[in-house]
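Single-letter residue listing:
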Amino acid sequence: MHNRIVSFCLVLLILSTAIVFAHSQGKKETILHGGKMGNITFPHHMHQGIIKDCMVCHVDFPKEPGALQTSKKAGILKKKQVMNKTCLKCHRDRKKAGEAYGPVKCSGCHVK
Ligand code: HEC
Ligand code: HEC
Ligand code: HEC
C-alpha cells in the first residue's frame, strides 16, 4: 500500500515537471552533450534575452529537456547540425557584423 502511494506521488511529480517545462522558459543554463569534444555549458536564458524569438533555435528541436540528443538518436537531426547551422552560424555572422558574439572556437563551447 505504502509503495503504491509513493509510486503515485512519483508519477504526479514527473507529470507536473513535464507540464512546467512545456510552458516555461526552460533551464537558466543547461549542459549539452558534445561527444568526444566534451560537453557544452549553454547559457539558455542569456540567449533568450538577446534573441527574443524562441524559434530561432527551437524551429529544429522541441522545447524539451534532452531534445537535441533525442532528435539526433531518432535521425531527425544530424550530428553537429544545430552546432553548425544555429550556434556557430549566429556567432560567426555577428562577429563579421562587428556585434557582440559568442565562441567560434571549439574550446570556447566544448570543455573536456
Ligand atoms: C539560442 C538557442 C535557443 C533559444 C533562442 C531558446 N532556446 Fe530553449 N533550448 C535551447 C537548447 C539548446 C535547449 C536544450 C535542449 C537539450 O537539452 O537537448 C533548450 C531547452 C528548452 C526547454 C526544455 C527545458 C530545458 O531547459 O532543457 C524549454 C522549456 C525551452 N528551451 C524554452 C525556450 C523558450 C520559451 C524560449 C524563448 C523565450 C527558448 N527556449 C529559446 C536553445 C534555445
Ligand atoms: C558555439 C558553440 C560551439 C562551438 C564553437 C563548437 N561546438 Fe561542437 N557542438 C556544439 C553543440 C551545441 C553540440 C550539440 C548539438 C549538435 O550536435 O549539433 C555540438 C556537438 C559536437 C560534436 C558531437 C556530435 C555528436 O552528436 O556526436 C562534436 C564532435 C563537435 N561538436 C565538434 C566540434 C569541433 C571540432 C569544434 C571546433 C571546430 C566545435 N565542435 C565547436 C557547440 C559548439
Ligand atoms: C542568433 C544568435 C545566437 C545563437 C543562435 C546562439 N548564440 Fe550563443 N551567443 C550569442 C551572443 C550574441 C553571445 C554573446 C553575448 C555577450 O557576450 O554579450 C553568445 C554567447 C555564447 C556563449 C558564451 C557565454 C559566456 O558566458 O561568455 C556560449 C557558450 C554560447 N553562446 C553558446 C551557444 C550555443 C551552444 C548555441 C546553440 C545551441 C548558441 N550559442 C546559439 C548569440 C547566439
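Report on the accompanying structure. All of these numbers come straight from a predicted model, not from anything done at the bench.

1. Regarding the site of ligand 1
In step 1: By nearness alone, 21 residues border ligand 1, and K27, H44, C54, C57 and H58 come closest of all.
In step 2: Between an oxygen atom of ligand 1 and a main-chain N or O atom of A67, the distance comes to 3.0 Å.
In step 3: At a separation of 2.8 Å, an oxygen atom of ligand 1 approaches a polar backbone atom of L68.
In step 4: Only α2 (44–51), α3 (55–58) and α4 (67–73) provide two or more residues apiece to the shell around ligand 1.
In step 5: When the residues that make up the shell around ligand 1 are grouped by side-chain class, the tally is 10 nonpolar, 8 polar and 3 charged.

2. Structural notes on the nonpolar core
In step 1: Grouped together as the largest cluster of nonpolar side chains are 6 residues: C57, F61, A67, L68, L77 and V82.
In step 2: Not counting residues up to four positions away in its chain, the partners in contact with L68 are L32, F61, L77 and V82.

3. Some remarks on the coordination of the iron atom of ligand 1
Coordination angles at a metal have ideal targets, namely 109.5 degrees for four tetrahedral donors and 90 or 180 degrees for six octahedral donors.
In step 1: Only H44 (NE2) and H58 (NE2) from the protein coordinate the iron atom of ligand 1, and they sit 2.0 Å from it.
In step 2: Taken together, the 6 donor atoms coordinating the iron atom of ligand 1 span angles of 87 to 179° at the metal, a pattern that classifies the geometry as octahedral. In this pair, H44 is assigned in helix α2 and H58 in helix α3, connecting sequence segments 14 residues apart.

4. Re the site of ligand 2
In step 1: Surveying the vicinity of ligand 2 reveals 21 residues, the closest of which are K72, M83, C106, C109 and H110.
In step 2: Within the side chain of K72, an N or O atom sits 2.7 Å from an oxygen atom of ligand 2.
In step 3: Mapped by element, the contributors of at least two residues to the shell around ligand 2 are α5 (81–96) and α6 (106–109).
In step 4: Among the elements that make up the shell around ligand 2, the one with the highest residue count is α5 (6 residues).
In step 5: Partitioning the shell around ligand 2 into residue classes produces 11 nonpolar, 6 polar and 4 charged.

Definitions and cut-offs
Residues numbered from 1 in each chain as written. Chains lettered and ligands numbered in written order. Predicted model: local features only at pLDDT ≥ 70, side-chain atom pairs only at ≥ 80, totals over all residues. Heavy atoms only, no water. Near = heavy atom within 4 Å. Polar contact = N/O pair within 3.5 Å; in protein donor to acceptor, adjacent residues only side chain to side chain. Helix = DSSP H or I, 4+ residues; strand = E, 2+ residues; numbered from the N terminus. Nonpolar A, V, L, I, M, F, W, Y, C, P; charged D, E, K, R; others polar. Core = buried A, V, L, I, M, F, W, Y, C linked by side-chain atoms within 4.5 Å. Buried < 20%, exposed > 50% of the residue type's maximum accessible area, 1.4 Å probe, protein only. Contact = heavy atoms within 4.5 Å. Donors = N, O, S within 2.8 Å, 3.2 Å for Na, K, Ca; no water. Tetrahedral: all angles 85-135°; square planar, octahedral: opposite > 155°, others 65-115°.

So yeah, pure geometry; function would need other evidence.
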